[in-house]
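Analysis of the macromolecular model
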Amino acid sequence: MIRCQGLRYAYSDGPTLQFPDVQVPQGAVLLLSGPSGCGKSTWLALVAALMSPTAGQLWVAGEAVHALKKVASDAWRARAIGFLPQKLHLSAAMSVQQNLAMAQWASGVPTDSARIAQALQALGVAELAERLPSQLSGGQAQRVALARAVLLQPQVILADEPTASLDDEAAADAVGLLLATAKAQAATLVIATHDARVAGLIPAQIDGRKGFQPLQLLRHQL
Ligand code: ADP
Ligand code: MG
């Protein structure tokens, strides 16, 4: 679940962004849309507690994120948030398996090869475990990054522009994969995108509920 009220973020050397209030039930899908520069990535960073809001209140996965201190927010993020960033940041010198093991290490949990294998399996890339990122296609790399994001079975999955530079078929795959992964974990899913195709790739109904909740950001005013 995600809930925010009066959320605002002022970049010290940039714009002040004001976000609409929103309430997303656990397990629902939020489609965060709007033109480039309107604040989508900023909103994701606030939800992931990568930055603290300048004003307002934000609850994510049961936590009052606006009140989290830095150290606590790192530990909380590792467990509660699965982030699929726009740039995947797979470590080039490590195999797929090692990239995921490093993610576990960075989250402060013991290496669990069985869980890594299971996450790769669920995303259809189990056979790529020994490859280097340079030996993966774009779609495969995205699957690996998503497997890494959900290793600790987070309650919230955040995807930043997951269809950027993908053709129609690959874009449909990427969105389908996110929906299936979130559903398997009963996670709340946020897809932030300026790609108009994405809305059409989410079914109108999921489990008898409206397929997604829209949150449209407008270009900010300085
Ligand atoms: P979107 O993801 O919707 O394209 P962003 O959240 O990346 O938008 O950016 C929102 C606005 O904040 C833009 O005007 C951008 O230039 C500005 N911005 C983003 N990051 C920074 C930063 N680190 N410092 C200053 N301004 C920034
Ligand atoms: Mg962005």
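Please refer to the structure higher up on the page.
Residues numbered from 1 in each chain as written. Chains lettered and ligands numbered in written order. Predicted model: local features only at pLDDT ≥ 70, side-chain atom pairs only at ≥ 80, totals over all residues. Heavy atoms only, no water.

Points about the site of ligand 1
- Surveying the vicinity of ligand 1 reveals 14 residues, the closest of which are G37, G39, K40, S41 and T42.
- G37 places a polar main-chain atom, nitrogen or oxygen, 2.7 Å from an oxygen atom of ligand 1.
- One of the backbone nitrogen or oxygen atoms of G39 is found 3.0 Å away from an oxygen atom of ligand 1.
- When ligand 1 is considered free in solution it has 560 Å² of accessible area, and contact with the protein chains removes 64% of it.
- Considering each element in turn, the shell around ligand 1 owes the most residues, 3 residues, to helix α1 (residues 40-47).
- When grouped by side-chain class, the residues that make up the shell around ligand 1 number 5 nonpolar, 7 polar and 2 charged. (Near = heavy atom within 4 Å. Polar contact = N/O pair within 3.5 Å; in protein donor to acceptor, adjacent residues only side chain to side chain. Areas by Shrake-Rupley, 256 points an atom, 1.4 Å probe, with all protein chains shown as cover. Helix = DSSP H or I, 4+ residues; strand = E, 2+ residues; numbered from the N terminus. Nonpolar A, V, L, I, M, F, W, Y, C, P; charged D, E, K, R; others polar.)

Here's the deal with the side chain of T181
- Mapped onto the elements of the fold, T181 is located in helix α6 (residues 168-185).
- Its relative accessible area of 10% is what places T181 among the buried residues.
- Non-local contacts of T181, meaning those with residues more than four positions away in its chain, are made with L123, L146, V150 and I157. (Buried < 20%, exposed > 50% of the residue type's maximum accessible area, 1.4 Å probe, protein only. Contact = heavy atoms within 4.5 Å.)

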